[in-house]
Structure formats: C-alpha cells, structure tokens
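Architecture and fold: a report
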Amino acid sequence: MAPNRRRRNTPQRATILAALEEMTTHPTATELYAVVRERLPHISLGTVYRNLEVLREDGRIRRMEYGSADARFDACLEPHDHIRCTECGAVRDMPPAGRPFAPAPAHAAGFEVTGYRLEYYGVCPACNGEEPRGTR
Ligand SMILES: [Zn+2]
Ligand SMILES: [Zn+2]
C-alpha cells in the first residue's frame, strides 16, 4: 500500500507505535508486547504482531530480519547502521559510517538491488559486565 494511503491509527496501533518510538533496543514483537501490555493490559501478542505488520506495510516502521532469530523492529526510518551483540542479540544504533561509503553498483551480480545493510557486531556493555541489563 502506498504511504499516502496509510491506514488510520487505531488506539492500539498508536500505543504500539508510541512504545516502539520510545525504545532504543529495536525490540522483537515479544519484547515490545511486554512494554505495550503495561499500558494496554488486555492486548494480545497476536494483536501486536498484526499491528506491526500493518505499520511495516505502510512504511512507518522497519522490520529487521536476522536469519532464524526473531525479527526486530525500528521506528526510526532515517538511514542508519546497527550494531548487534553476538552474545545476546541486542541491537543498537551506530553513528553514520565515514562517508562516502560506496555500495556496489546497482544490478551487481545480475540482481536488481533494492537495498543493502551495513551491520556491525560485537559484545554489548551488559554482556561485557560493564553495565546492568536494561530493557530499553
Ligand atoms: Zn549482549
Ligand atoms: Zn535503528
């Protein structure tokens, strides 16, 4: 669906989006559900999944796939890179890489290139024992 035909927010969808915008952890649907449920005690995990899918289809959030691990969600649509903890899977934003960073030419390897992802990985402060574990 084109962004100009985006669907109207239901109160549930608005709450889910607001919670995601407040979080810097790029939560999975399950992690986001735990936060949303504090505000909407009767919401179900399935409702959170469905609304995340609507928000993604409408181009209002990003869905980040990590192979067999749960997808994570990001309400920040500005281009930015991520760092992922190899111990616990936590994902945080990284400052922009030195530019110009030149992606390979479009149509490389015969593909129609529709995007690319630069991902850092390392060990987060919590897994390093430098910082207590937080949820947001
Ligand atoms: Zn970690
Ligand atoms: Zn991000």
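Coordinates for the structure precede this section.
One structure accompanies this document, and this report is about it. Note that the structure is a prediction, hence the values are computed from the model and not measured. (Residues numbered from 1 in each chain as written. Chains lettered and ligands numbered in written order. Predicted model: local features only at pLDDT ≥ 70, side-chain atom pairs only at ≥ 80, totals over all residues. Heavy atoms only, no water.)

Let us now look at the overall build of the chain. Check the secondary structure of the chain and you find 3 helices and 5 strands. Its helices and strands in sequence order give the chain the pattern α-α-α-β-β-β-β-β, from N to C terminus. Each of the 136 residues in the chain was classed as buried or not, and the buried ones make up 32%. Within the chain, residue pairs in contact and separated by at least 24 positions form 51% of the contacts whose partners lie at least 6 positions apart. Carbon together with sulfur atoms contributes 53% to the accessible area of the chain, which is approximately 9000 Å² in total. (Helix = DSSP H or I, 4+ residues; strand = E, 2+ residues; numbered from the N terminus. Buried < 20%, exposed > 50% of the residue type's maximum accessible area, 1.4 Å probe, protein only. Contact = heavy atoms within 4.5 Å. Areas by Shrake-Rupley, 256 points an atom, 1.4 Å probe, with all protein chains shown as cover.)

If you check which residues of helix 2 (residues 29-39) are buried, you get Ala 29, Leu 32, Tyr 33, Val 35 and Val 36. Here the buried face of helix 2 lies against helix 1 (11-22), helix 3 (45-57) and strand 2 (69-74).

Only His 26 (NE2), Asp 74 (OD), His 80 (NE2), His 82 (NE2) and Asp 93 (OD) from the protein reach the zinc ion (ligand 2) as donors, at distances of 2.0 to 2.1 Å. Donor residues for the zinc ion (ligand 2) sit on one chain with the sequence pattern H-x47-D-x5-H-x1-H-x10-D. Of this pair, His 82 sits in strand 3 (residues 81-85) while Asp 93 sits in strand 4 (residues 91-94), and the two are 11 residues apart along the sequence. Asp 93 sits in the partly exposed class, given a relative accessible area of 39%. (Donors = N, O, S within 2.8 Å, 3.2 Å for Na, K, Ca; no water.)

A few words on the sheet that holds strand 5 (residues 119-122). Across the sheet, which stays open at both edges, the 3 strands sit in the order 4-3-5 with mixed pairing between neighbours. Looking at strand neighbours, the two that pair on one side only are strand 4 and strand 5, the edges of this open sheet. Averaged over all adjacent pairs, the angle separating strand axes in this sheet is 30°, with direction ignored. Relative to strand 4, strand 3 is paired through 4 bridges, and the arrangement is antiparallel. Bridge pairing links Asp 81 to Met 94 in strand 4. (Pairing = 2+ DSSP bridges. Axes fitted to C-alpha atoms, helices over the stretch in contact; angles between N-to-C directions.)

Before going further, it helps to spend a moment on the coordination of the zinc ion (ligand 1). The coordination sphere of the zinc ion (ligand 1), as far as protein atoms go, consists of Cys 85 (SG), Cys 88 (SG), Cys 124 (SG) and Cys 127 (SG), spread over 2.3 to 2.4 Å. Each of the 4 donor atoms bound to the zinc ion (ligand 1) contributes to angles spanning 107 to 117°, and the resulting shape is tetrahedral. Counting the intervening residues between successive donors of the zinc ion (ligand 1) yields the motif C-x2-C-x35-C-x2-C. (Tetrahedral: all angles 85-135°; square planar, octahedral: opposite > 155°, others 65-115°.)

Here the focus is the nonpolar core. Ile 16, Leu 20, Leu 32, Val 48, Leu 52 and Ile 61 are the most contacted members of the largest nonpolar core, which totals 17 residues. For this core, the secondary structure elements donating two or more residues are helix 1, helix 2 and helix 3. Ranked by residues supplied to this core, first place goes to helix 2 with 5 residues. The residues touching Leu 52, leaving out its near neighbours within four places in the chain, are Ile 16, Leu 20, Ala 29, Leu 32, Ile 61 and Phe 73. (Core = buried A, V, L, I, M, F, W, Y, C linked by side-chain atoms within 4.5 Å.)

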